[in-house]
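Remarks on the overall topology
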Amino acid sequence: SIADHHFGKLAWAPEVGENYDLKIAEDRYAKASRLLLRGVADRKPDRIAIVVGNDFYHVDRGDNMTTRGTPQDADGRWQKAFVGGARQARNSINEAAELAPVDVLVVSGNHDEERAFLLGVVLAAVYENNPRVTVHNEPSLYKRFRWGTTLLGFFHGHNMPARRFQQLPNEMAHHWPNDWAETTWREWHFGHLHSESEDVWRYRASETIGDVVVRRLPSLCGTDRWHHANGYRSLGAAEAHYYSAETGRMGYDTVTQLALEQN
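As the structure is a prediction and not an experimental result, all values here were calculated from the model. (Residues numbered from 1 in each chain as written. Predicted model: local features only at pLDDT ≥ 70, side-chain atom pairs only at ≥ 80, totals over all residues. Heavy atoms only, no water.)

This part takes up the pattern of salt bridges. What the rule picks out here adds up to 11 salt bridges. For Lys31, the salt bridge goes to Asp27, with nearest N and O atoms at 3.4 Å. Of this pair, Lys31 and Asp27 both sit in helix α2 (residues 22-43), four residues apart, which is roughly one turn of the helix. Taking relative accessible area as the criterion, Lys31 reaches 17% and is therefore assigned buried. Judged by its relative accessible area of 37%, Asp27 falls in the partly exposed class. Across the salt bridge formed by Glu187 and Arg215, the nearest N and O atoms sit 2.8 Å from each other. Linking Glu187 in strand β6 (residues 185-190) with Arg215 in strand β8 (residues 212-216), this pair joins segments that are 28 residues apart in sequence. Accessibility assignment for this pair places Glu187 and Arg215 in one class, buried. (Salt bridge = Lys/Arg side-chain N within 4 Å of Asp/Glu carboxyl O. Helix = DSSP H or I, 4+ residues; strand = E, 2+ residues; numbered from the N terminus. Buried < 20%, exposed > 50% of the residue type's maximum accessible area, 1.4 Å probe, protein only.)

Shown next, in the form of structure tokens:
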């Protein structure tokens, strides 16, 4: 998952310490996808799940605002950002499909709830007659990927107070009761915070969390004016996670922003 990429975000180095625009976003996404898929190819996978979304786009409206109406610093016309993001998603899917059948999971974020769904409609049309690619673009904000005894749930991760965090196993069991009953390794994957965390032991020790692993995924997008002013910065990474159909988690690969700059 190359999470929270924010195609269309605009950041200016003299103001926030780094530049970020549509060209940079496309370049980082393409390089990260290529490097991660290189590691995937070495493992000879049986199936690949690609998560598209988690604030894939920076704005959701023609006036450069998020879904809920928060104004953003945006790079140019929204149509240009939409086409650029769709191009990179398609390229990544095409390259992955050369290695194994692909499931594309469209997860809307709080910045792009409507636009991410529209991207899913486009991708579903592109791959409608391709037996190696299946696009999952249901209107629900929750998506799931089942791989044998492994169940992965995906949600952007906004609107997650501590009380709701403790109910994540119940939410997973509620959304997918049959999968819950038939699996032994279960995880939630979130974006939203642009930083990585693996709150495994703390949540496993909780009676309400039980045996569900919660992962926050890092982001490669630049820091804009608002995040810079409030002290928020991205880790600068993207990840590929590996699972066995029989035994669950096997490990993961990370591509950092520094590695992209050297390629």
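Keep in mind that low pLDDT regions are not for reading the predicted coordinates in detail. Counting all residues, the mean pLDDT for the chain is 87, and 90% of those residues have values of 70 or more. Taken element by element, the predicted model of the chain shows its lowest mean pLDDT in helix α8 (residues 200-204) (34) and its highest in strand β3 (residues 133-136) (98). Segment residues 194-208 is flagged for pLDDT under 50; beyond a separation of four residues in sequence, or across chains, it makes 40 contacts in the model. (pLDDT = per-residue confidence, 0-100. Contact = heavy atoms within 4.5 Å.)

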